[in-house]
Amino acid sequence: MQVTVFSCREFDEKELFLSYGKQYGLKLVLCNEAPSLENVELVTGSECVDILTSKIDRNLAKAFADRGVKYLITRTIGYDHIDVKSCREFEITVGNAPYGPNGVADYTIMLLLMSIRKAKRIIERTNIQDYTLAGNLGKELKDLTVGIIGTGRIGRTVISNLSGFGCKILAYDLYQSEQVKEKATYVSLEEMWKEADVISLHTPLTEDNFHLINEDTLSKMKFGVVLINTARGGLIDSEALISAIETGKVGAAGLDVVEDEFGLYYYDHKSDVLNNRALSVLRGFPNVTVTHHMAFYTDNCVRTVVEDSLKSCKCFMEGKENPWEIKS
Ligand code: NAI
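Conventions we followed
- Residues numbered from 1 in each chain as written.
- Predicted model: local features only at pLDDT ≥ 70, side-chain atom pairs only at ≥ 80, totals over all residues.
- Heavy atoms only, no water.
- Axes fitted to C-alpha atoms, helices over the stretch in contact; angles between N-to-C directions.
- Helix = DSSP H or I, 4+ residues; strand = E, 2+ residues; numbered from the N terminus.
- Left-handed = near helix turned anticlockwise from the far one by under 90°.
- Contact = heavy atoms within 4.5 Å.
- Nonpolar A, V, L, I, M, F, W, Y, C, P; charged D, E, K, R; others polar.
- Domains from an automatic or database assignment.
- Buried area = accessible area lost by both parts, 1.4 Å probe.
- Salt bridge = Lys/Arg side-chain N within 4 Å of Asp/Glu carboxyl O.
- Polar contact = N/O pair within 3.5 Å; in protein donor to acceptor, adjacent residues only side chain to side chain.
- Near = heavy atom within 4 Å.
- Areas by Shrake-Rupley, 256 points an atom, 1.4 Å probe, with all protein chains shown as cover.
- Disulfide = S-S within 2.5 Å.

Visitor: Summarise the packing of helix 1 (residues 14-23) against helix 12 (residues 299-317); cite the residues concerned and give the values.
Guide: When two helices pack together, their arrangement is given by the angle between the helix axes and the distance between those axes. Axis separation between helix 1 and helix 12 bottoms out at 10 Å; the angle between their running directions is 40 degrees. Helix 1 and helix 12 meet at a crossing whose hand is right-handed. Along the contact surface, helix 1 presents Leu16, Phe17, Tyr20, Gly21 and Gln23, while helix 12 presents Val302, Arg303, Val306, Glu307, Ser309 and Leu310. Counted by class, the contact of helix 1 with helix 12 contains six nonpolar, three polar and two charged residues.

This is the structure:
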């Protein structure tokens, strides 16, 4: 039973892969590069391929299938980087290995607090020994209304964490959860735009919600609204966000994800001129905290995702019930 693992990180994943591979009796081909048509031969002899956030387009899916791949597992919660339709056409089953929601939920609260307490500005000033107060006035969470869009595993955990701060919590999802109703009030998006002082995104990126935050929806929000995005960059129209920050309509933002981050994040580009203008502009604002898709990155998440991705491959190859298979 062989699995080819792409984008295997030497410094934190390799040892875990070797240990869990042994535990589950799997032969592993480990490669630290992302999969591409150049290195696709590495999948020969493997029924399963284990990837990170690399784009799997139709050509790559076909190249996998031509070499006998039957199962593709991504070590991520989101799977919008995979052309699932093409994979299915080429008879490749797709799975994802979601880790616990706490790492991302904690990080969301951190970005939220950093945004309302102007932490970026304060830290930058402290670093240059500018110990003045003007411009650093923050807000208290208990005085704010926080809107959570997407009340799945992460959104629900964020709501649970937030409930300890005494703020009013609004929620929106396509499907309502009874558990959420104990701590938050479901409202329509229109009400959310009108009422929320802070809006935090926790939905997958789909065709339906691409640019959910756009010029029109931003215009309906409160002046000075704070936006937090630890979900997917494509949920926000970056150009519209930049304009809204320039006018003050958006008072602060905490962005762990941005549009078109694939190929940039997780690589060292410090000497390069970036071809992502929105990222460069957003990063430069004093009231915008940008991090490079780090919310998931805890010891617990990395360990769980490596183990579950291999367990999922094993279930698939043994024809057992595979809880990680994407069925929708
Ligand atoms: P989940 O599947 O448990 O919950 C997603 C929720 O979004 C569901 O309740 C679903 O009904 C809702 N939803 C889907 N489309 C919607 C729409 N158009 N409008 C309103 N609600 C909608 O997923 P989970 O585990 O909570 O993760 C959420 C997202 O967080 C992932 O899809 C991923 O994009 C992102 N993520 C980001 C990470 C990071 O490191 N920054 C790490 C992990 C996940």
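Visitor: Explain the domain arrangement of the chain to me, and be specific about the residues and the numbers.
Guide: Taken domain by domain, the chain holds domain 1 (2-99 + 298-318) and domain 2 (102-290). Opposite the ten residues of domain 1 that make contact, domain 2 presents nine residues. It is Thr53, Asp80 and Tyr99 in domain 1 that bury the most area against domain 2; as a group they hold 52% of the surface buried on that side. For the interface between domain 1 and domain 2, the tally reads one salt bridge. Here Arg232 and Asp80 are joined by a salt bridge, their closest N and O atoms 3.0 Å apart. If you look at where domain 1 meets domain 2, you find two residue pairs in polar contact (both at pLDDT 80 or more). Residues belonging to the side of domain 1 that touches domain 2 are distributed by class as follows: four nonpolar, four polar and two charged.

Visitor: Before we move on, can you summarise the site of the ligand with the specific residues and values?
Guide: Around the ligand sit 23 residues in total, of which Arg153, Ile154, Asp173, Thr230 and Asp256 are the nearest. Relative to its free-state accessible area of 870 Å², the ligand is covered by the protein chains to the extent of 86%.

Visitor: With reference to specific residues and values, describe the state of the cysteines.
Guide: Under the counting rule described, the total for this entry stands at zero disulfides. Between Cys87, a free cysteine, and Cys48, which holds the nearest cysteine sulfur, the sulfur-to-sulfur gap is 13 Å.

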